[in-house]
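Examination of the molecular architecture
In case you want the letters, here they are:
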Amino acid sequence: MALSPGLQNLKHIVVLMMENRSFDHMLGALKATDPLIDGLTGNESNPDLNGAEVKVKPEALFQSQLDPDPDHHFPGVDLQIFGGDTSDTRTANMQGFVKSYFQQRRDAKHAAKIMYYFTPDKLPVLTTLAQEFAVFNGWFSSIPGPTICNRAFAHYGTSFGKVGMDLFYVKEPFQSIYDRLVTATPKRTSKLYYFDQASSTMEIVNLLQHQSELFGTYDQFIADCNSGNLPQYSFVEPNYNDHDGDAGAIIASDQHPDHHVQEGERFIASVYNAIRDNPDLWKSTALLVVYDEHGGIYDHVPPPKCMPDGFVASPNDTGTGKEFRFDRLGVRVPAILISLWVLNGTVVKGAGEAGGRIFEHASIPATVTDFFLGDYDQRSPREKAADTFLDLLTLPTMRDDAPEFQLD
Amino acid sequence: MVVIRVPKTPANAMNPNRPISKLLRNQIEHLQEAEFRLPADKQTNIYINAIKTEGEAAEYIRQVTERIHSAAAPGKPKRKPAKTKTFKIAASAASKRKGKTKSKPKSRAKTKKKKR
């Protein structure tokens, strides 16, 4: 079958992975303007400890609201998804978010804030991109758990049996997407760009193995975009902490609570602008903006079951008293595919919708491998089963109406 | 074409004294594992349990990342890692040693001052 013009022109895939925000929290309000987006009606609720209804509210703030950091470790997420039901016949109902957050501060009023969501005017970058390009109704984190194991799926298509924050080691035969690319014949190009040396990377496993070879900083990303030297596959990490730099204060841009969400908006815009500002790069690049996991924040769509990845986490590792066979996805996260070859206003249907498609972080190495390497068998069962997303580059001709972001 | 203005983040969003999150704690622990693979004289000797704030975490992360890259750079002269610039991590391996009262960060700060 002939490739679409978008795929014929595609030379670069860039993934920007942000931190710890759920789909409904960031994009749920868009349902009011586009009913195809599987967001919030305003009537979604969770019970508090007394069974009283706590409704979603459009009152999310940029900072100082989700403190302490909402629980997003495996047992906490299990409570959030199943509402406290631990029976063998339980079904996911997304009714335990308030209960879970209450456990951290024992303050009912504060626990209700886990149901808060942003109005689109507060997130002009993310909501514009979602409406102007392709937004996924059904992109889920790979594991109902925290950052490291979820990011592992984006890099390896598996977390090698981990459901937590432990440092893990690569087990044969599964290589990282970067290894696959740079050891291929002919050699492909790939880099992880972290923000700067004081933020570094969450992909320590690769840092341990490859150090400089696979890594660059955000300044280098900008330079590579400007010079047209961007690798075929790039993974960009935001700034994970507040620190001083040569030019003064550098505010964390990862959007991890309690970091300021607006700085993350600016970071997303700057990645987009860096690609957009080079016309050759812009027409030959697909940019995926995605969040690693929901960060303990409410979403209304129950995560579906999925292909087990062949590993088993012990009851001790999960902390729930039950083993986990990696046969269920984590909570839904925002994901947007940006390209001049994507139809304006595309909404990719998700779980529970007719013709719906399910994506998760293993979709990233699955897509990149399919596109740049083709047949490649040494993948986890989960990655082999993962849906890929480049078929969304459907347009016969390139768009010329992409939005521009002007950073104050 | 739509032009979207993206407001500046308020300066008071910056808080390097914010207690570190579990995520940063884990990142530090993972980087320490990476640091332990370096030759002894390239290690920071920073006692990571003393790292309490984002600013301190950033300083440790910076030092270790620079040293890992410096140690790995093929054929390049080994660059001496930059001195502590902004945050003095509260404790170092030196302060762990019993009977030692003079902390390493303090002496480093003095050295830096003299050089200026």
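Note: the structure precedes this text.
Predicted, not measured: the structure shown is a model, and the values here were computed from it.

Calculation rules
- Residues numbered from 1 in each chain as written.
- Chains lettered and ligands numbered in written order.
- Predicted model: local features only at pLDDT ≥ 70, side-chain atom pairs only at ≥ 80, totals over all residues.
- Heavy atoms only, no water.
- Helix = DSSP H or I, 4+ residues; strand = E, 2+ residues; numbered from the N terminus.
- Rg over C-alpha atoms; globule rule 2.2 N^0.38 Å.
- Buried < 20%, exposed > 50% of the residue type's maximum accessible area, 1.4 Å probe, protein only.
- Contact = heavy atoms within 4.5 Å.
- Lys, Arg positive; Asp, Glu negative; His and termini not counted.
- Charge placed at Lys NZ, Arg CZ, Asp CG, Glu CD.
- Buried area = accessible area lost by both parts, 1.4 Å probe.
- Salt bridge = Lys/Arg side-chain N within 4 Å of Asp/Glu carboxyl O.
- Polar contact = N/O pair within 3.5 Å; in protein donor to acceptor, adjacent residues only side chain to side chain.
- Nonpolar A, V, L, I, M, F, W, Y, C, P; charged D, E, K, R; others polar.
- Pairing = 2+ DSSP bridges.
- Core = buried A, V, L, I, M, F, W, Y, C linked by side-chain atoms within 4.5 Å.

Thoughts on the overall build of chain A
Within chain A, the regular secondary structure consists of 15 helices and 15 strands. Here the C-alpha radius of gyration of chain A, 20 Å, is about what a compact globule of 408 residues would show, namely 22 Å. Reported as C-alpha extents along the three principal axes, the dimensions of chain A are approximately 60 × 50 × 45 Å. The proportion of buried residues among the 408 residues of chain A is 64%. Across chain A, every contact between residues at least 6 apart in sequence was considered, and the portion connecting residues at least 24 apart equals 75%. Averaging the positions of the 33 positive and the 54 negative side-chain charges in chain A gives two centres separated by 4 Å.

Quick word on the interface of chain A and chain B
Opposite the 51 residues of chain A that make contact, chain B presents 40 residues. The contact between chain A and chain B buries some 4,000 Å² in all, and 61% of this surface belongs to carbon and sulfur atoms. Applying the counting rule to chain A against chain B returns two salt bridges. The residue Asp242(A) makes a salt bridge to Arg18(B) at a minimum N-O spacing of 3.1 Å. Between the two partners, chain A and chain B, sit 21 residue pairs in polar contact (both at pLDDT 80 or more). Put simply, the parts of the chain that give the side of chain A that touches chain B at least two residues each are helix H6 (124-132), helix H7 (147-156), helix H9 (204-210), strand E9 (243-245), strand E10 (248-250), helix H11 (261-276) and strand E15 (404-407) of chain A. Partitioned by chemical class, the residues of the side of chain A that touches chain B number 22 nonpolar, 17 polar and 12 charged. Where E15(A) and strand E1 (residues 3-6) of chain B come together, four bridges link them in parallel fashion. Along E1(B), the bridge assignment pairs Leu407(A) with Val6(B).

What about the environment of Ser363(A)?
Residue and element names in this part refer to chain A. Structurally, the position occupied by Ser363 is in helix H14 (residues 363-372). The spatial distance from the C-alpha of Ser363 to the C-alpha of Asn20 is 19 Å, given a sequence separation of 343 residues. Each residue touching Ser363, except ones within four places of it in the same chain, is listed here: Trp139, Ala386, Asp387 and Phe389.

A short note on the nonpolar core
Residues and elements named next belong to chain A. Within the largest apolar cluster, 127 residues are counted, with the highest numbers of intra-cluster contacts made by Phe136, Trp139, Phe221, Tyr233 and Leu337. The dominant element in this core, judged by the number of residues it contributes, is H11, at eight residues. Counting 21 residues, the second largest nonpolar core, distinct from the first, contains Leu40, Leu66, Ile81 and Tyr298.

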